[in-house]
Amino acid sequence: MRSTAGERAPVPKGTLDDFVCPDCKAPLADLRCVACDREYRQVDGFPILLSGDPRFEAVQATAAVYDEIYRRQQGVWENQGRTRELIAYFATLLTRFPSGRFLEIGCGEGFLLTAVRAEERFATDLSVEALRAARARTAARFSVALGERLPFPDESFDLVASVGVMEHFFDIGEALRETRRVLRPGGHCIVLTHVELTLWERLEDKISAYLFPELRLRALARWLQTRLIERPRPAALVRQPIQNRYTTRAARVMLETNGLEVVDVLHTRRRKGLPLVGPWVVIYIARK
Ligand SMILES: [Zn+2]
């Protein structure tokens, strides 16, 4: 059924020919699935390729929440760690891997996408508002799609990335299996996610920050002061509809049980100086 890259007739850029039905993975002809006959629409030029599965019926409401977030604000995630430094670092990290065909799941306003060098760039998000902002920033083939039901044929991509998305999936297992499906054998997926630190990891983080190998009593005193006296004022966090919670280890296990071999795990508890906003931010590098 599947044609290999070698046999595939060249597809003119900007057409919808590479999308498939998110549910049955059959080709689309004029946005109509040739197998299940479901018809998909476009909004402002973006194909809306959302699942018809009742399991994901909450997706419309979730997409509306994100549309509202992106309508109200620009640079939505910048104060939550998606800083320029992080984007630059993450884009450089991606250059370590072959990226002929690149997919970003949950591209938001397209800051990372803009920084990524790849021959062909694809990007999904649940929010049309986010995609509008991304399209104004950079060229890519955009679609509204769920990570759990990606509208691409098997083995389409050399590299798949997501930043701050995995903790908001409806069904992480299904989203990871979809990531694996659309990756070519040997392809990589690079995922940044927020984890819950275990008590030991918190302790370890404070020990390495203040006690060992370097005793930093003044810094420790300052930290204690912020904890005990001036309650730290949390940045205005955007409330998101789904917030999955898992530890550093549990996230790794999820990747591996879904067929993605973790080859590196990056966080500031191990490597000081990474431009990550806190010890709970973890980047997993995995291979199919
Ligand atoms: Zn279909």
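Here is what the cut-offs are and how they apply
- Residues numbered from 1 in each chain as written.
- Predicted model: local features only at pLDDT ≥ 70, side-chain atom pairs only at ≥ 80, totals over all residues.
- Helix = DSSP H or I, 4+ residues; strand = E, 2+ residues; numbered from the N terminus.
- Rg over C-alpha atoms; globule rule 2.2 N^0.38 Å.
- Buried ≥ 20, exposed ≤ 12 C-beta atoms within 10 Å, placed from the backbone.
- Contact = placed C-beta atoms within 7 Å.
- Arc of directions from axis to C-beta.
- Domains from an automatic or database assignment.
- pLDDT = per-residue confidence, 0-100.
- Core = buried A, V, L, I, M, F, W, Y, C linked by C-beta atoms within 7 Å.
- Pairing = 2+ DSSP bridges.
- Right-handed = clockwise from strand over helix to strand, strands pointing away.
- Axes fitted to C-alpha atoms, helices over the stretch in contact; angles between N-to-C directions.
- Parallel < 35°, antiparallel > 145°, perpendicular 65-115°, else oblique.

Here the focus is the overall build of the chain. On a plain count of helices and strands, the chain comes out with eight helices and eleven strands. Radius of gyration (C-alpha) of the chain: 20 Å, near the 19 Å computed for a compact globule of 288 residues. Projected onto its principal axes, the C-alpha coordinates of the chain cover approximately 65 × 40 × 35 Å. Counting across all 288 residues of the chain, residues that qualify as buried make up 36%. Pairs at least 24 residues apart make up 65% of the contacts formed inside the chain by residues separated by at least 6 positions.

As a further point, take helix 2 (residues 84–94). Every buried residue of helix 2 is listed here: Leu86, Phe90 and Leu94. Along the axis of helix 2, the buried residues cluster in a sector spanning 70 degrees; they form a single face. In helix 2, the exposed positions angled more than 90 degrees off the buried face are occupied by Arg84 and Thr92. Looking at the packing, one finds that the buried side of helix 2 touches helix 3 (111–115), strand 8 (157–163) and strand 9 (183–194).

Its location among the elements puts alanine 251 in helix 8 (residues 248–257). When the 24 C-beta atoms within 10 Å are taken as the criterion, alanine 251 is described as buried. Remark: the alpha-carbon pair of alanine 251 and leucine 228, spanning 23 residues in sequence, is separated by 32 Å. Alanine 251 has contacts with Thr193, Val195, Tyr246, Val282 and Tyr284, leaving out every residue within four places of it along the chain.

Here we take up unusual backbone geometry. With omega at 5 degrees, the peptide bond leading from phenylalanine 212 into proline 213 counts as cis. With phi around 70 degrees, aspartate 37 is a residue other than glycine that occupies positive phi space. With respect to the helices and strands, the residue aspartate 37 is situated in the loop between strand 2 (32–33) and strand 3 (41–43).

With that settled, the discussion passes to the domain arrangement of the chain. What the domain assignment reports for the chain is domain 1 (49–196 + 239–287) and domain 2 (199–228). A straight line from the C-alpha centre of domain 1 to that of domain 2 covers 32 Å.

Averaged over all residues, the pLDDT of the chain is 88; the fraction at 70 or higher stands at 90%. Taken together, the stretch residues 1–15 has pLDDT below 50 and engages in five contacts with residues farther than four places along the chain or on a different chain.

This brings us to the environment of alanine 29. Mapped onto the elements of the fold, alanine 29 is located in strand 1 (residues 28–29). Alanine 29 sits in the exposed class, given 10 other C-beta atoms within 10 Å. With 89 residues separating them along the chain, alanine 29 and alanine 118 place their C-alpha atoms 27 Å apart.

A few words now on the nonpolar core. With 70 residues, the main nonpolar core has Ala134, Val144, Val160, Cys189 and Tyr284 as its most contacted residues. Top contributing element to this core by residue count: strand 11 (residues 281–287), with six residues.

Moving on: the pairing of strand 7 (residues 141–144). Pairing between strand 6 (residues 120–125) and strand 7: four bridges, direction parallel. Opposite phenylalanine 122, over in strand 7, you have arginine 141 as the bridge partner. The parallel pair strand 6 and strand 7, bridged by helix 4 (residues 128–137), forms a crossover whose chirality is right-handed.

Remark: helix 1 (residues 59–72) packs on helix 4, axes separated minimally by 7 Å, with the N-to-C direction vectors making an angle of 45 degrees. With respect to their mutual orientation, helix 1 and helix 4 come out oblique. Contacts between helix 1 and helix 4 involve Tyr66, Asp67, Tyr70 and Arg71 from the former and Val128, Glu129, Ala130 and Ala133 from the latter.

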